[in-house]
Amino acid sequence: MIFAHYFKISLRNLARTKLFSSINILGLSIGMATCLLILHYVNFERSYDRFHKDSERVYRLRYERTSEEGTAVRFASCCPPAADAIRGVFPEVETIARIFRNQTVVSLTDRDVKFTENRMYFAEPDFFQIFHLRFLEGDPLYDIRKVSMAFISQSTAEKYFGTSDPIGKTLNVGGKTDFTVAGVFEDVPQNSHLKMDIILSYEDIRSLFGPDVLESWGHTGFFTYIRFKEDTDLQAFQNKMPDLVEKSCGELMRAYKVLIELKLQKLEDIHLTSHYMQEYEINGNRDSVNFLSIVAVFIVLMAWINYINLSTARALTRSKEVGLRKVVGAARRHIITQLFFETLIINLIAITLAVVLVQIFLPAFSRIAGTPLSFVVWQQPLFWISLSALLLGGIFLSGFYPVAAISSFQPAEVLKGSLGKTPKGMNLRKALVVFQFIMALVLLTGTLAVSRQIFFMKNQDLGFDRDHILVANAPRIIDEASLKQIDVFKEELLKQSGIQKMCVVTEVPGRQIYWDAGAIHRAGEDPGKGKNYQIVGVDYDYVDLFQLKLLYGRNFAKEFPADNMALILNETAVRWMGFESNEAAIGQQVDYWGDFYTVIGVLSDFHQQSPKKAFEPHIYRFIPYGLRWIGKFAIKIDAQNVKETMAFVGEKYAQFFPENPYEYFFLDDYFNQQYREDELFGRVIGIFSLLAIFVTGLGIFGMSAFLALQRTKEIGIRKVLGATSSSILRLLAWDFMLLILIALFIAWPLSYWGIQKWLDSFAHRMSLNVPLFLVPLVIIVMITTLTISSHIIKAASADPVEAIKHE
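Here is what the cut-offs are and how they apply
- Residues numbered from 1 in each chain as written.
- Predicted model: local features only at pLDDT ≥ 70, side-chain atom pairs only at ≥ 80, totals over all residues.
- Heavy atoms only, no water.
- Helix = DSSP H or I, 4+ residues; strand = E, 2+ residues; numbered from the N terminus.
- Areas by Shrake-Rupley, 256 points an atom, 1.4 Å probe, with all protein chains shown as cover.
- Buried < 20%, exposed > 50% of the residue type's maximum accessible area, 1.4 Å probe, protein only.
- Pairing = 2+ DSSP bridges.
- Salt bridge = Lys/Arg side-chain N within 4 Å of Asp/Glu carboxyl O.
- Phe/Tyr/Trp six-rings, centres within 6.5 Å; stacked < 30°, edge-to-face > 60°.
- Lys NZ or Arg CZ within 6 Å of the ring centre and 35° of its normal.
- Axes fitted to C-alpha atoms, helices over the stretch in contact; angles between N-to-C directions.
- Contact = heavy atoms within 4.5 Å.
- Parallel < 35°, antiparallel > 145°, perpendicular 65-115°, else oblique.
- Left-handed = near helix turned anticlockwise from the far one by under 90°.
- Nonpolar A, V, L, I, M, F, W, Y, C, P; charged D, E, K, R; others polar.
- Patch = residues over 30% accessible without salt bridge, like charges linked within 9 Å, V, L, I, M, F, W, Y side chains within 5 Å.
- Core = buried A, V, L, I, M, F, W, Y, C linked by side-chain atoms within 4.5 Å.
- Bend = angle between axes of the 7 residues up to and from the residue.
- Polar contact = N/O pair within 3.5 Å; in protein donor to acceptor, adjacent residues only side chain to side chain.

Caption draft 1: Region of interest: the overall build of the protein chain. What the protein chain contains, in helices and strands, is 28 helices and 24 strands. Total accessible area on the protein chain is roughly 35800 Å²; 58% of this is exposed by carbon and sulfur atoms.

Caption draft 2: Region of the structure containing the pairing of strand S1 (residues 58-67). Taking burial as the measure, the 10 residues of S1 include 10 buried ones, the bulk of the element. In S1, alternate side chains face the same way, and those of Val58, Arg60, Arg62, Glu64 and Thr66 on one face and Tyr59, Leu61, Tyr63, Arg65 and Ser67 on the other are all buried. Relative to strand S12 (residues 222-228), S1 is paired through four bridges, and the arrangement is antiparallel. Counterpart to Tyr59 in the pairing with S12 is Ile226. Sheet analysis places S1 next to strand S13 (residues 258-266), joined by nine bridges and oriented antiparallel. Its bridge partner being in S13, Leu61 is matched across the sheet by Leu264. Taking the residues that link successive antiparallel strands as the turn, the S1-strand S2 (residues 72-75) hairpin has four residues, and the phi of Gly70 there is positive, at about 100°.

Caption draft 3: Summary view of the pattern of salt bridges. For the structure shown, the criterion picks out 34 salt bridges. A salt bridge links Lys114 to Asp112, with the nearest nitrogen and oxygen atoms 2.8 Å apart. Overall, Lys114 belongs to the buried group, its relative accessible area being 19%. Among the salt bridges present, the one from Arg119 reaches Asp197, with a minimum N-O distance of 3.2 Å. Highlighted residues: Arg119 in the loop between strand S5 (114-117) and strand S6 (120-123) and Asp197 in the loop between strand S10 (177-185) and strand S11 (198-201), separated in sequence by 78 residues.

Caption draft 4: Quick look at the packing of aromatic side chains. As enumerated under the stated definition, the model contains 50 aromatic pairs in all. On the basis of an interplanar angle of 70° and a centroid distance of 5.5 Å, the ring pair of Phe44 and Tyr48 is categorised as edge-to-face. This pair shows no difference in class: Phe44 is buried, exactly as Tyr48 is. Ring centres of Phe671 and Tyr675 lie 6.3 Å apart, and the angle between their planes is 70°; on these two criteria the pair is classed as edge-to-face. In this structure, Phe671 and Tyr675 share a single accessibility class: buried. Taken together, the ring pairs in this structure connect Phe127, Phe128, Phe131, Phe135, Phe151, Phe185 and Tyr225 into an aromatic cluster. Above the ring of Tyr592, the side-chain terminus of Arg621 is found at 5.0 Å from the ring centroid.

Caption draft 5: Region of interest: the sheet that holds strand S14 (residues 469-473). Here four strands make up an open sheet; going across it, the order is S15-S23-S14-S24 and the pairing antiparallel. Only two strands of the sheet have a single neighbouring strand rather than two, namely strand S15 (499-505) and strand S24 (664-666). Averaged over all adjacent pairs, the angle separating strand axes in this sheet is 20°, with direction ignored. Pairing analysis gives three bridges linking S14 to S24, with the strands arranged antiparallel. The residue of S24 that forms the bridge with Val471 is Phe665. Against the sheet, helix H17 (residues 486-494) touches S15 and strand S23 (632-637), its axis set at about 160° to S15. Along the sheet, helix H22 (residues 642-656) contacts S14, S15, S23 and S24; its crossing angle with S23, the most-contacted strand, is approximately 145°.

Caption draft 6: Focus on the pairing of strand S16 (residues 516-522). When you tally the buried positions in S16, you get six out of seven residues, the bulk of the element. Both S16 and strand S17 (residues 531-538) contribute to a ladder of three bridges, which runs antiparallel. Its bridge partner being in S17, Ala517 is matched across the sheet by Tyr533. The pairing of S16 with strand S20 (residues 589-592) spans two bridges and is antiparallel. Counted as the bridge partner of His521 is Asp591 from S20.

Caption draft 7: Looking closely at the packing of H17 against H22. The interhelical angle for the contact between H17 and H22, taken along N-to-C directions, is 155°, at an axis separation of 10 Å. By the criterion of interaxial angle, the relationship of H17 to H22 is roughly antiparallel. The hand of the H17/H22 crossing is right-handed. Judged by residue contacts, Val488, Phe489, Glu492 and Leu493 of H17 engage Phe648, Val649, Lys652, Tyr653 and Phe656 from H22. Within the contact of H17 with H22, the residues separate by chemical class into seven nonpolar, no polar and two charged.

Caption draft 8: Expanded view of a nonpolar patch on the surface. A contiguous nonpolar patch, built from Trp734, Leu738, Leu741, Ile742, Phe745 and Ile746 and spanning about 600 Å² of accessible area, is present on the exposed surface. Relative to the helices and strands, Trp734 resides in helix H26 (residues 725-759).

Caption draft 9: Structural context of the environment of Val184. The topology assignment puts Val184 in strand S10. For Val184, a relative accessible area of 4% gives the class buried. Along the sequence, Val184 and Ile167 sit 17 residues apart, while their C-alpha atoms lie 7.9 Å from each other. Leaving out residues up to four positions away in the same chain, Val184 has contacts with Arg134, Phe135, Leu136, Glu137, Ile152, Ser153, Gln154, Pro166 and Ile167.

Caption draft 10: A look at the nonpolar core. Counting residues in hydrophobic clusters, the biggest one holds 83 residues, and the most contacted among them are Tyr542 and Phe546. Ranked by residues supplied to this core, first place goes to helix H2 (residues 18-46) with 11 residues. Phe90, Val93, Leu244 and Ile260 belong to the second largest nonpolar core, which has 28 residues in total.

Caption draft 11: Layout of the environment of Gly587. Counting through the fold element by element, Gly587 comes out in the loop between helix H20 (582-585) and S20. When residues no more than four places from it in sequence are discounted, the contact partners of Gly587 are Thr598 and Val599.

Caption draft 12: Geometry of helix H8 (residues 234-256). Along its length, H8 shows its largest kink, about 80°, at Cys249. Lining the buried residues of H8 we find helix H3 (81-86), strand S3 (93-101), S12 and S13. The residue sitting at the N-terminus of H8 and contributing the capping side-chain oxygen is Asp233; that oxygen lies 3.3 Å from the backbone nitrogen of Gln235. A positive backbone phi angle near 55° is found at Lys257, which sits one or two residues after H8.

Caption draft 13: Just unusual backbone geometry, in detail. The phi angle at Asp49 is positive, at roughly 70°, despite the residue not being glycine. With respect to the helices and strands, Asp49 occurs in the loop between H2 and S1. With a relative accessible area of 0%, Asp49 lands in the buried category. Backbone geometry at Gln547 places phi at a positive 50°, although glycine is not the residue there. Take Gln547: it is sitting in the loop between helix H18 (542-545) and strand S18 (550-553). Given a relative accessible area of 55%, Gln547 falls into the exposed group.

Caption draft 14: Highlighting the environment of Gly183. Along the polypeptide, Gly183 turns up in strand S10. Given the relative accessible area of 0%, Gly183 is considered buried. Expressed as a C-alpha distance, the spacing of Gly183 and Asp143, which sit 40 residues apart in the sequence, is 8.5 Å. Gly183 has contacts with Glu137, Gly138, Ala150, Phe151, Ile152 and Ile167, leaving out every residue within four places of it along the chain.

Caption draft 15: Representation of the side chain of Thr66. Looking at where Thr66 falls in the secondary structure, it is placed in strand S1. With relative accessibility at 15%, the residue Thr66 sits in the buried group. Once residues within four sequence positions are removed from consideration, Thr66 is found in contact with Thr71, Ala72, Val258, Leu259 and Glu261.

Written as C-alpha cells, this is what we have:
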C-alpha cells in the first residue's frame, strides 16, 4: 500500500514538472542508448574466435626471419615443417594442425560456372578438432583424410549448385584437379579471423605443388594452430622453440646469416593485435576499441551528471515541500524513500526508452560500424549485464547526491531563504559541469583530428597515378600457349580508343607486397649484411602507366635482352643496400640468392600502401610471362565511355582466357579500402561526439536554470540599481565562461597527448596547429551561449519587484 502511495506521488511530481522530467529522461535515455551501442560494437570486436571450444587454449604459431643487421620480416603464417617437428614431440601439445591458402579458379565440370575463390584452404584432419565448424552434411574427421575431397560453406553450395544437393558433385580447382564435395558447413561467423568458403584435403598439396614445398624451412604461407593441454606453461614451451629451430634448420640460418624464430600468438588476440605479413584480412585495432570503451563510460557519466545537475536545480522548487513534510513530522527516511522511488521511475522509463532507441538505430549503426546484424544484441550476455549496470548505476550513483541533498533540507533554512548557497554544493555542481566541458572538448578535438588526418592521407601526393586505372585479375588457369597470347591480348586492347596503356604486374598499389626475399645484398659484401626486400614483378610499361618518377638510370626496355637479369630499386632500397647515392647505385651488382643482377634504375619512393605506412624497400624485376599470370592486368582508360571500355575488356578477356572469370576493380577504390578502419573510427567518434555535445547541452541547460533561479533576487536588485539586461547577461554568462576556461587547462593537454599517441601509428602524419584546438572551443562557447541565453534573458527581463519578492 505504501509503495502504491509512493508511486502515485512520484507520478504526480513528474507530471507537475514536465520540462525537467522530460529533459532528465531524454538525457539519461540517450546516454544509456549511446553507451549500449558502443559496448555492442566493442563486444563484437572482442568476441572474435571466442565461439570455438577451448579457444583460450588455442594459439597460432608464427614465423619471423631477422638478418644479422637486425632487419626483420614477421609473418602471420609459419613454415610447413614446423608442425611435423612439434607433433608428438612436446607433451604439452594436445593438437596441432596446418592449413594452406589456395587462391585460384574453381569451376563446375558440367556447366559454365566459375569463380575465383580467395577463401579456399587445404586443411589437415586435426584442424576440425581445433576449429569447430557446424557441419550440415558430411563427416569431416573421416572424409578429410581421403584424397581430393572438398567441404564447402552453405553460401558456396548455393553459389555453385543452387538448391540442389551438392554432396558427391565435382568441383574443378585451378583447372588441374577435380574434388568431390563431401560435406557442407554453416557459413563461418563474421567474428572469426579465419573465414573459409572451401576446405580441401591436405594431401592434395603434394600433387598440386610438389612434395618439396612441405619440407622447406625457408617458405611460409602455412598457417599453424596449436591447442595446448590445460595448465600448460606457455613461456616454457616458447623457450623450447630456439633449440627446435636450431636442430631443424641451423645450417640454413648460418648459410644465409639469418635468425629464424617461431612465436606463439593467442587465437583470441589475433583480430585486434595482429598486423603481420600474410594476414587473411585487415584486422581491427585494440587501441581504438579501448578508446571507444572509455568514451562509452564517459558519455553515460555525462548523462548521470546531467541528472544530478537538473535534480539539484529543481531542488529549490521542492524546498518548501520537503520543509513542510518535516514540520508535520515526516522522517528523513520517508523522504529518501519517496525521492529514490522517483529516481527509480525516471531510470526505468529512461532505460526502457534506451532499449527502444537501440532497437531503432541498431541497423543504421551496424552499417556504419560494420557489425553484422547476425550478431544479435539481445542474445549477448554482456548486453544484459550492461543494461542492469546502467539501471542500478542510474538509480544509485546519479540519484544518491540529489536525494541526499534534497532530503537534508532543514525547515529553518527554507524559511531563511539560504537554501542552495553552500559553497560545497555549488563547487560540486560546477566541477561536474567542468567535467562535461572537458569531455566535450576532448571528443570534439579528437573527432576533428581524425577527420583532418584522413583528409591529409587522402590528399597526399602518393607518387603514382591511380585515376581511371582498371585492374583485372590475371588468369589463374593458363597453359604455355595461352601465356604467349598475353602480348596479343595487350595489342588487341590498345586498339580500342578508350584504352591508353596496359601493363602486367604481380601487385598493384593498394596493399602490402607479399613477395619478399631475404639475404639480398651488394655483390662482394658479407652475406650477413643481407636484408629482406619486397619484390615486385613488372613489365616494360609499368613505370609509364603508373607515371612513376625515374630518378636515375632507365626503365626496362625490349632493346636490352639482358634486362631479365636487371633490377630497378626505389630510394629506400638504395639506402638499405648502403649505396652512397641514388646515382651511385646505377650499374652496381646485387647478389640475389646467388644470382647477380645489375641495377639499371632508381625510382622515387611512392606509397604502395596507405601513407599510414612507412616506405618499404622495393626491388622491381622484369618478369617473363611464365610467372606473370599470378598477378594483375593494369589498364589505363579514358574517363569517357567507361562502361563500354569495361565491356570491351571483358569480351577480349573471355576470348583469350575462356577458363577464367573476368574479375576487376578500379585502383582508386581499391587503394581507398586501406582507409576503411580509420574512417570507421572517425565516423563512430564523430557520431558519439555529437551525442556527447547534446548531452552536455542538457547539462548546461540544467545548470543555467539553477543559477538563474538561485540569483533571481540578486538580478532584481541589480536592475533596480540601473543594470541593463545585456550587462546581467554578461555577468551570468561569465560563470560558464570561467568553467570553460578551467576545462581548457585540462582538455587541451589531454587532447594533445591523446592525438599524439594516436598519430604515433602513422608514418606520415599531419602537423598539429592552433585551429585544431580553437575550433572545438568556439563550438562549445557558441552552444553554451545559446543554451544559457534563454534562462538568463528571462531572468533579466523579469519584473524587479517580483524578483526581489522571490526569496
